[in-house]
Each structure stands twice: as C-alpha cells, then as structure tokens.
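The lines below spell out each chain.
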Amino acid sequence: MLGIIGGTGCAQLTNLEIVKRQVIRTPYGEPSGALTFGRIKDHEIVFLARHGYGHHLPPHEVNYRANLWALHAQGVKNLVAVATVGGIHPDCGPGVLVIPDQIIDYTHGRKATYYEGDERAVVHVDFTDPYCEEMRQRCMRAAHLANESFVEGGVYAAVQGPRLETAAEITRLERDGATMVGMTGMPEAVLARELGMCYAAIAVVANYAAGRGSSKHGIDFDGVGVVLTPAMDRVHGILEQLVAIDGD
C-alpha cells in the first residue's frame, strides 16, 4: 500500500475517496493526526497530514518518529512526501515542482533515529542516497504521464524553522550546494530509511528563498497562497498516476 505524507498546502487530497480514519498509537507518542485510509482511482492508499489536519504543528514540533512508525505499522512500504520549499537555484522558481535526489541536514534537537536507548545496539544506516531511487523514478514517470513539467534532481536543505531564513543564510546554503530549502525533509527521510520504506519527495516551490528573485527584499506571503493552490492541483494529478503505477 502506498503512503502519502502531505505538507503545507496539502493537508488533504481532493481526489481521495475516504474509507476510514484511524488513530494509531506508537511507542514514540502521538502522530500528527489520524491516518486516513481511502482510494484514488480504485487504488488503496493511506494519507497523513504532516502538520496535522488543522495545520497546527510547526516543523520542529512534528513527531516524525511517530508519523513514520504509524505508517510502517499499517504495512506501508512505498512512501511519497509532498513538501513545500523555497527556491534557491534559478531553475527553482515559484510554482516549479522538483523531485530532489539529495539532502543536507541543518536541523538540530529533533529525534532522528529509532536506534537509541540503553539496551539498543549502535546501528549506522547507509544514507549516501537519501531518497529511494525506485520511488523517485516512479514519481517522475507519474509526472510524465500527468503531462506535468518538473526539475529532475535537486539538493534539499533541511533547516530548523519555524522562522524563514536570512538572505545571508540562503547564500551559505547555496555555497553548500543546496538548490531549495525546506523545514521537514529531515529526519523524515532517514527514519523512513531505518524502517526500510522506499521514500521519495515531491517538492513544490512556493516562493524564491530570501534574497533571491522576487523575495530579494522579503517574502510575499500573499503570493505564496496564489502559487500553492494551482501547484497542489498539479501534484494531485501526479499522485493519481503514481497510485496507479504503485498498484500495478
């Protein structure tokens, strides 16, 4: 069964036929909300709103371990996350969709592993390629089938939030090789890896990052909403194709 995690602007799937909602208890506390089970084009999926269905959880307070554990406990093997980002690279302008292939983690203080505790052995997971290439290929195939353009590959800079970045910080991220910036990519990706789930992300560029393009002198929050609504509609079309590919 395919799992979908929705981020900012994607707290629900308009094309989802809901079958049930289920509260899942985990050893790591409460997930962001109940899991929503349903069908898209007759294919079963399970959906979770990362920030809660009322979008009340800031990025640094999301219980990523509980979220991933709850999905895994329901048999999710393949997982795609929808994430809203700021564009750093000129190709990543507002409204652009990106299928990233790398991550740089700048977060701190987040519970980032299941392998901890006095009686747990030390475990190191390979994270050379943080996204599952098989799922990335499926996402790109789905975008092609939906006739949607996207940027293939990119480096997601995961920052702490909830505040946005300074222009100088974005310059630093750019020097480090980041092409986009978001607040939820980690530890979500590595926790999925620890649980053996095939995880990829579809990043939606909501605005240029601080000091770039139309955000040179500040972020236009009204403009973000204007960009996200049609962009998320495009994502929903891609997810329809992705669910069919996964089901097949």
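Further up the page is the structure itself.
On a predicted model such as this, the values are computed, not experimentally measured, just so you know. (Residues numbered from 1 in each chain as written. Predicted model: local features only at pLDDT ≥ 70, side-chain atom pairs only at ≥ 80, totals over all residues. Heavy atoms only, no water.)

## Let's talk about the overall build of the protein
Stage number 1. Scanning the protein for helices and strands turns up 5 helices and 11 strands.
Stage number 2. Projected onto its principal axes, the C-alpha positions of the protein cover 45 × 45 × 30 Å.
Stage number 3. Buried positions account for 53% of the 248 residues belonging to the protein.
Stage number 4. Considering only residue pairs separated by 6 or more positions, the protein has 80% of its internal contacts joining residues 24 or more positions apart. (Helix = DSSP H or I, 4+ residues; strand = E, 2+ residues; numbered from the N terminus. Buried < 20%, exposed > 50% of the residue type's maximum accessible area, 1.4 Å probe, protein only. Contact = heavy atoms within 4.5 Å.)

## Regarding the state of the cysteines
Stage number 1. Per the stated rule, a full pass over the model turns up 1 disulfide.
Stage number 2. Across a sulfur-sulfur distance of 1.9 Å, Cys132 and Cys198 are joined as a disulfide pair. Across the disulfide from Cys132 to Cys198, rotation about the S-S bond amounts to roughly -65 degrees, and the bridge is consequently left-handed. Of this pair, Cys132 sits in the loop between β7 (102–105) and α2 (133–145) while Cys198 sits in strand β11 (residues 198–208), and the two are 66 residues apart along the sequence. A single burial state applies to Cys132 and to Cys198, both of which are buried.
Stage number 3. Cys92 takes part in no disulfide bond, and the closest cysteine sulfur, belonging to Cys139, lies 16 Å away.
Stage number 4. The thiol sulfur of Cys139 is not disulfide-bonded, and the nearest other cysteine sulfur, from Cys198, lies at 9.0 Å.
Stage number 5. A relative accessible area of 0% places Cys139 in the buried class. (Disulfide = S-S within 2.5 Å.)

## Digging into the side chain of Thr179
Stage number 1. Within the secondary structure layout, Thr179 lies in the loop between α3 (167–176) and β10 (180–182).
Stage number 2. Look at Thr179 and you get buried, because its relative accessible area is 16%.
Stage number 3. Only 2.9 Å separates the side chain of Thr179 from the backbone nitrogen of Val155, close enough to count as a polar contact.
Stage number 4. When near neighbours in sequence (up to four residues on either side) are disregarded, Thr179 contacts Gly87, Ile88, His89, Cys92, Gly154 and Val155. (Polar contact = N/O pair within 3.5 Å; in protein donor to acceptor, adjacent residues only side chain to side chain.)

Read these as layout, nothing more, since geometry by itself doesn't imply function.
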